[in-house]
Amino acid sequence: MLRLVIQRLGFGAMTILAASVLIFAGTEILPGDLASAILQNTATPENLAEMRLQLGLDRPAVVRYVEWIARAAQGDLGVSLSNQRPVADELAPRLRNSFFLAGFSALVAVPLAVFLGLMAAIYQNSFYDRAVNFFTLMTISIPEYLVGYLLVKYLSVRWQIFPSLANVMPETTFVDRIDLTFLPMLTLVLVVVAHMMRMTRASVLNIMASPYIEMAFLKGLTKTRVVVRHAFPNALAPIIAVIALNLAYLVVGVVVVESVFVYPGLGQLLVDAVSKHDVPLVQACGLIFSCVFILLNLTADVLGIISNPRLRRPR
Amino acid sequence: MSDGPILDIDKLRIEVRNDAGPGPVLVDDISFTLHKGQVLGLIGESGAGKSTIGMAILGYTRANCYITGGRLLFQGRDIRTMSPDERRALRGPGVAYIAQSAAASFNPAHTLMEQICEIPIQLGLMSLPEAQARAIELFRELDLPNPDHFGERYPHQVSGGQLQRAMAAMAMAAKPAVLIFDEPTTALDVTTQVEVLASFRKLIRENGTAAIYITHDLAVVAQIADDIMVLRHGKMVEYGRADDILQNPQQDYTKRLVAERAEGHGGGQAQAQAALLEIRHVTASYTGLVRVIDDVSLAVSPGDTLAVVGESGSGKSTLARVVMGLLAREQGDVRFAGDSLPARLKDRTREQLRRVQMIYQSPDVALNPSQTLLQIIGRPVQFYFGRDRAAVRARVLELLKMMDLPADFIDRKPAALSGGQKQRVGIARALAAEPDLIICDEVTSALDQLVGEEILRLLKRLQDELGVAYLFITHDLGVVRRIANKVAVMRHGVVVAAGETKTVFAPPMHPYTELLLSSVPEMRSDWLDDVLAGRA
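Criteria and cut-off values
Residues numbered from 1 in each chain as written. Chains lettered and ligands numbered in written order. Predicted model: local features only at pLDDT ≥ 70, side-chain atom pairs only at ≥ 80, totals over all residues. Helix = DSSP H or I, 4+ residues; strand = E, 2+ residues; numbered from the N terminus. Rg over C-alpha atoms; globule rule 2.2 N^0.38 Å. Buried ≥ 20, exposed ≤ 12 C-beta atoms within 10 Å, placed from the backbone. Contact = placed C-beta atoms within 7 Å. Nonpolar A, V, L, I, M, F, W, Y, C, P; charged D, E, K, R; others polar. Domains from an automatic or database assignment. Expected span 1.5 Å × (residues − 1). Arc of directions from axis to C-beta. Axes fitted to C-alpha atoms, helices over the stretch in contact; angles between N-to-C directions. Left-handed = near helix turned anticlockwise from the far one by under 90°. Pairing = 2+ DSSP bridges. Core = buried A, V, L, I, M, F, W, Y, C linked by C-beta atoms within 7 Å. Bend = angle between axes of the 7 residues up to and from the residue. Parallel < 35°, antiparallel > 145°, perpendicular 65-115°, else oblique.

Draft legend 1. The arrangement of the overall build of chain B in detail. Tallying secondary structure elements over chain B gives 22 helices and 20 strands in all. Whereas a compact globule of 536 residues would reach a radius of gyration of roughly 24 Å, chain B reaches 25 Å, a difference of no more than 12%. In chain B, which comprises 536 residues, the proportion classed as buried is 47%. A separation threshold of at least 6 residues defines the contact pool for chain B, and within that pool the share at least 24 residues apart is 69%.

Right, dumping it as structure tokens:
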């Protein structure tokens, strides 16, 4: 098993490297380079060429890539063009905010989705099953900004339970943060819960057709125990994979929700950086996004391996 | 408890009912009683309704099946009128079930001990240490190795025979009044079957449990049952004392079942010709680490039937794959009609492919369910001989006729055929290439006894008519004696004995051949005692 895990980690490292090449190449082929982004309206052919020389942009792309990735590996992500601060300092608070919101949403969404999915499997084809399927399908089908605005309209404007703006500051206390981010959290939960819940239900029901499930019933166990104790552990691998995908989405895909609630997360930062042609910042954001995505999927793979006793305990 | 029977089944009837309305009747007018310590054997082919009866006693029916008539009295209470919760409570301490495939019936995610202790603990009958102590005691009774630590393992970590015994321990955990054995040794090798049967019998006798033993193998049930009921198409054919049924069967169907083992129709004639297939010192493996077959040499002449016998893991199916080229040999040579065959399938010429064909164990899997028989059988005709559509159709019709299949089957799909008919299609597909050699990989083991018998007869007739040679992979020594003129006994990838069937199976025998032969159950009730006495 250890060999399998190490193999997966190796694949993960290679994927991150490949992603970094794509990010670098992507910013390379964008129209206008760093020099023209800095000089903007003052660019003349002469000072452009001088600027490029100064920034080392005349050197081959391969050399600049190796330099960039080597520095990034040591934590030096370069200097932001818009305000001359180190990119790492720009990123850190945003990253914390993004992780906070994602973690908060996941803490609510994952147990909820697994619980709803197991219940739907236990009461398959019942009214509850149909209702929860219909409701979650509805929340996933409505665009997330609409969900967000609907929540704001009712929970914040009409009944005034939660604040509509999630404008957290570095000095905001933990309790206030929970209160401020409650609506964005709820929006995200509504968006991601359907996918995970349906996967839980489908995987468990798939296992329910196995001979050892019939055996469990013939042993005289209750349906709840058969589903939770006998079907669920064998259905874990696909469920974990879907949870990982959704967690990754919670970190990297929430720019729309951030905009709706004016939440200072990474997504907003990336959008700002792109509009300002802040190339080092764009590259750093891309690198972080791909790392989060790959690491989460890697974790899912490893957990999937660990959850399988055949791999955990060979003959 | 009174002295009355534990189980009293009266005029039981079970039917299929689905959206389209009433379906076939699975069990019809079945009555029997079972007392403490008594073992009843239910025997019949697949579709006879024997498992359905067994599960009905547990108050369980599969999807769309319903008990529509009769009484099922368990200690005087009718299972039919129980509430779902009462039925569930019946399972475990009342009636316990031992399934055919322990490998599929144990949950792969939990240790054996967790699964065995589950019911006594869930029902509050025992504490965890009590349940564990009981399990260890059962492991000891069932002759399982290292009983104190056996339960710590996961299902995939123990052998098939051990797992089957672990399932008996699981069934016995809550001290049931009735045990239902549903084909518990069918998936095991013959030598393992003997040990497991002996363990089961000891368990039943020592605990005085009543049991129902379901099987298709009359010789197996004869070792363990006091009474035997023969079933066919859900109806009772014959019911009586085990010895009476074996020695003096009244019904025609029972007579055929009893006679099946004894029948012989001689093998192909050994012709003093140059060998058709020569396997010379072949070695092969899947991972490169463990040799699955090791220095195997065998020869098949035209018109021969060479049976390769051995238990699971002996390398016999791997040998077939090497001959076919599905697995590349590592050393040695495979020569066909004098020429060396390339090791890999993709390097072989179309003519080399045509001359060696294969028939598979499970026709359900080996036939494409979305193609018609015309497509399935016509494909090799078209591929090897490039005939036009009309000629292909004519040839397929000819082959169907040869298989005793009706001509109007040509446009049907496999799902509309029975197991035996599907296997005939598999044979027709192999013959469509007009091969010189057909490799038969366990071709009868997925079929019912009498159906398998018909397939063997068909293969023999085709050999007489067409002169085709067979390489017959099987674990069933009864089959070998009846159809093969040559035999090779394999064990752990090595051929331990080979030659003419009558020589190999006559004294002096290789000790392993003797062990295999003596493990085949015989149609008498004292066979198991004799075998165990002989080995002690």
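Draft legend 2. A look at the interface of chain B and chain A. Chain B puts 21 residues into the contact, and the matching count from chain A is 17 residues. Only α2 (84-90), α3 (102-105) and α4 (112-122) of chain B provide two or more residues apiece to the side of chain B that touches chain A. Of all the elements, α4 of chain B adds the most residues to the side of chain B that touches chain A, at three residues. In terms of residue class, the side of chain B that touches chain A is built from 11 nonpolar, seven polar and three charged.

Draft legend 3. Structural detail: unusual backbone geometry. That bond from Pro507 of chain B to Pro508 of chain B is cis: its omega, -5°, falls within 30 degrees of zero. Of note, Pro508 of chain B is situated in the loop between α20 (501-504) and α21 (511-518). Unusually for a residue other than glycine, Asn125 of chain A sits at a positive phi of about 65°. Among the secondary structure elements, Asn125 of chain A is positioned in the loop between α5 (87-122) and α6 (127-141). With 8 C-beta atoms counted inside 10 Å, the residue Asn125 of chain A sits in the exposed group.

Draft legend 4. Looking closely at the domain arrangement of chain B. Residues and elements named next belong to chain B. Assigned domains of chain B: these are domain 1 (39-59 + 84-260) and domain 2 (277-505). Computed from C-alpha coordinates alone, the two centres of domain 1 and domain 2 are separated by 35 Å. Per element, the largest residue contribution to the side of domain 1 that touches domain 2 is three residues, and it comes from helix α11 (residues 252-260). In terms of residue class, the side of domain 1 that touches domain 2 is made up of one nonpolar, three polar and four charged.

Draft legend 5. Looking closely at helix α18 (residues 449-466) of chain B. All names here are of chain B. The terminal C-alpha atoms of α18, which comprises 18 residues, lie 26 Å apart, in line with the 26 Å expected from a rise of 1.5 Å per residue. Along α18, the residues classified as buried are Gly452, Glu453, Ile455, Leu456, Leu459 and Gln463. The buried residues of α18 all sit within an arc of 160° when viewed along its axis, so they share a single face. Exposed residues pointing more than 90 degrees away from the buried face of α18 are listed as Asp464 and Glu465. In the segment just after α18, Gly467 is the residue with positive phi, at about 70°.

Draft legend 6. Broad picture of the packing of helix α14 (residues 266-275) of chain A against helix α15 (residues 279-306) of chain A. All names here are of chain A. Contact pair α14 / α15: the axes reach a minimum separation of 9 Å and the direction vectors enclose 145°. Crossing hand, α14 versus α15: left-handed. The residues of α15 that touch α14, namely those facing Leu266, Leu269, Leu270, Ala273 and Val274, are Leu281, Val282, Cys285 and Ile288. In terms of residue class, the contact of α14 with α15 is made up of nine nonpolar, no polar and no charged.

Draft legend 7. Quick look at the sheet that holds strand β11 (residues 277-284) of chain B. Residue and element names in this part refer to chain B. Strand order across the open sheet formed by four strands is β12-β11-β14-β15, with antiparallel pairing between neighbours. Both outer strands of the open sheet, β12 (293-300) and β15 (339-340), are each paired with one neighbouring strand and no more. Here five bridges tie β11 to strand β14 (residues 331-336), and the two strands are oriented antiparallel to one another. Bridging from a neighbouring strand, Thr283 pairs with Gln331 of β14.

Draft legend 8. Geometry of the nonpolar core. Grouped together as the largest cluster of nonpolar side chains are 163 residues, with contacts concentrated most on Cys285 of chain A together with Met167, Ala169, Ala173, Val178, Ile180 and Ile212 of chain B. The greatest single-element share of this core, amounting to 15 residues, is contributed by helix α9 (residues 182-207) of chain A. Aside from chain neighbours lying at most four places away, what touches Ala173 of chain B is Ile116, Cys117, Ile119, Pro120, Ala131, Arg134 and Ala135 of chain B. Tyr470, Ile473, Ala488 and Val489 of chain B belong to the second-largest nonpolar core, a separate cluster that totals 73 residues.

Draft legend 9. Inspection of the sheet that holds strand β9 (residues 227-232) of chain B at higher detail. All names here are of chain B. Within the open sheet, the six strands sit side by side as β6-β7-β8-β3-β9-β10. Their pairing is mixed. Whereas interior strands pair on both sides, the edge strands pair on one side only; in this sheet they are β6 (95-98) and β10 (235-241). If you compare each strand with its neighbour and ignore which way they point, the axes differ by 15° on average. As paired strands, strand β3 (residues 39-43) and β9 are joined by four bridges and run parallel to one another. Opposite Leu40, over in β9, you have Asp227 as the bridge partner.

Draft legend 10. Structural view of α5 of chain A. For α5 of chain A, spanning 36 residues, the distance from its first C-alpha to its last is 50 Å, which sits close to the expected 52 Å at 1.5 Å a residue. Roughly 25° is the biggest bend found in α5 of chain A, and it falls at Ala106 of chain A.

Draft legend 11. Layout of the environment of Val495 of chain B. Relative to the helices and strands, Val495 of chain B resides in strand β20 (residues 494-500). Measuring from C-alpha to C-alpha, the distance between Val495 of chain B and Arg535 of chain B comes to 24 Å, with 40 residues separating the pair along the chain.

Draft legend 12. Quick peek at the packing of helix α12 (residues 236-252) of chain A against α15 of chain A. All names here are of chain A. Close contact between α12 and α15 brings their axes to 9 Å; oriented N to C, the two are set at 165°. Classified by the interaxial angle, the pair formed by α12 and α15 is roughly antiparallel. The two elements α12 and α15 cross, and the hand of that crossing is right-handed. Here Ala237, Ile240, Ala241, Ala244, Leu247, Ala248, Val251 and Val252 of α12 lie close against α15, whose contacting residues are Phe289, Val292, Phe293, Leu296, Asn297, Thr299, Ala300, Leu303 and Gly304. Within the contact of α12 with α15, the residues separate by chemical class into 14 nonpolar, three polar and no charged.

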